[in-house]
Amino acid sequence: MKNYGFFILIITLFLSFSAPAQSYDLQETEQFIQAQKIEVSSSKDLDVLAQKIITQYPDSLSRVKAAYLWVAKNITYNEEGNGPQHYASNIDSVLKYKTTVCAGYVNVFVMLCERLGITAKEVDGYGKTGTQVLPNDKFTSNHSWAAVWLNGKWNLTDVTWGSGYTLEGTHTFTRKSNGWYFFTEPEVFILDHYPKKGQWQLLKDTVSWDDFISYANIGLGAKENDISSYAPMQAVIHSAVGKQVVFSFTTKKDLSTILLTSKQKGFQELGTLAKRGDTYYYSYKIPYDGQYDLQIDLSDVDRTKPGNYSSMVDFSYFVVATANREEVKR
């Protein structure tokens, strides 16, 4: 295993990201998409679908919403990434089998946008998922998403991640469309999407690869819980046995408990969150030295009571803890 004991943190320990300046209501559009019974099994059929959308919506934003939701609701992620139905770049095959990987999602979405008279482009890059906190030191591409030109600017959209999810350790895709990755603000999108070309960060000050891989992994739980800011923001927590690390999470939703889990150390800790305003806090005492994973699962349910509870990771970290507090890197 690679030694991350000397991993240099680029940014200050307790940073937070801002919530998107604007969220988009997809409920009305979702009802329209669900009511469509058009058989779309080839690229030619997209013309019929596009005309339905154009007739229903006079404005471009609503048309893009409809394109996003149609793809998210009608295409299933091919978790195995193989078989006769796996033709990531062949739009007709994607529409015939209704299953693909990220490139197929993007290709269909971009073509549908084009049929709606809207410019969209594929963006290649790295998508940070799961609980593997630290990816390769050098950039590699493993994902693709889209940029849509609307209202005089590019807007970032990931229809693959907007279509559903696969829980860690399983190979079963769960379709659950969401608006988390529709026209996401660049400052938020960069936390788990790193484009191959820096221009597609759409940021005034671009983020380096080293900075990107220093961010904690944001899981599906954080999306479900509408977490707008959190700390620490870094993936690697340098500490020592017995030292307290304060976690904080800001949301308008009600939360109750926090579950901290390490697969490598084989332990769990269940605690009750403290609250001040819209921010929840938990002080975690480092129990072990060494280097190990740490997953955070937040819930609005009081899991201190007996019962069976579902779990969905909000954040993933990597702990580098010394036995002697004086040895902690500053």
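Residues numbered from 1 in each chain as written. Predicted model: local features only at pLDDT ≥ 70, side-chain atom pairs only at ≥ 80, totals over all residues. Heavy atoms only, no water.

## With respect to the overall build of the protein
No. 1: When you go through the protein residue by residue, the secondary structure sums to eight helices and 18 strands.
No. 2: The 330 residues of the protein split such that 51% are buried.
No. 3: The long-range fraction of contacts in the protein, counting pairs at least 24 apart against all pairs at least 6 apart in sequence, stands at 68%.
No. 4: With an accessible surface of roughly 16,000 Å², the protein has 47% of that area assigned to carbon and sulfur atoms. (Helix = DSSP H or I, 4+ residues; strand = E, 2+ residues; numbered from the N terminus. Buried < 20%, exposed > 50% of the residue type's maximum accessible area, 1.4 Å probe, protein only. Contact = heavy atoms within 4.5 Å. Areas by Shrake-Rupley, 256 points an atom, 1.4 Å probe, with all protein chains shown as cover.)

## A few points about the packing of aromatic side chains
No. 1: Evaluated as defined, the whole model comprises 26 aromatic pairs.
No. 2: Consider the rings of Phe 32 and Tyr 57, whose centres lie 5.2 Å apart with planes at 80°: the pair is edge-to-face. Residue Phe 32 is found in helix H1 (residues 27–35), and its partner Tyr 57 is found in the loop between helix H2 (45–56) and helix H3 (60–74); the two are separated by 25 residues along the sequence.
No. 3: Judged by relative accessible area, Phe 32 falls into the buried class, the value being 10%.
No. 4: Where Phe 249 meets Phe 315, the ring centres are 5.6 Å apart and the plane angle is 25°; that geometry is what we call stacked. Of the two residues, Phe 249 sits in strand S12 (residues 244–250) while Phe 315 sits in strand S18 (residues 315–322), which places them 66 residues apart along the sequence.
No. 5: For Phe 249, a relative accessible area of 0% translates into the label buried.
No. 6: On the basis of relative accessibility, which here comes to 0%, the residue Phe 315 falls in the buried class.
No. 7: Among the aromatic side chains, those forming a connected cluster through ring pairs are Tyr 126, Phe 139, Tyr 194, Trp 209, Phe 212 and Tyr 215. (Phe/Tyr/Trp six-rings, centres within 6.5 Å; stacked < 30°, edge-to-face > 60°.)

## Some thoughts on the sheet that holds strand S16 (residues 279–285)
No. 1: Within the open sheet, the four strands sit side by side as S10-S12-S16-S15. Their pairing is antiparallel. On the outer flanks of this sheet lie strand S10 (229–231) and strand S15 (274–276), each paired with one strand and no other. Taken over all neighbouring pairs, the strand axes of this sheet differ in orientation by 20° on average, direction set aside.
No. 2: The pairing of S12 with S16 spans seven bridges and is classified as antiparallel. Across the sheet, residue Val 245 finds its bridge partner in S16, namely Tyr 284. (Pairing = 2+ DSSP bridges. Axes fitted to C-alpha atoms, helices over the stretch in contact; angles between N-to-C directions.)

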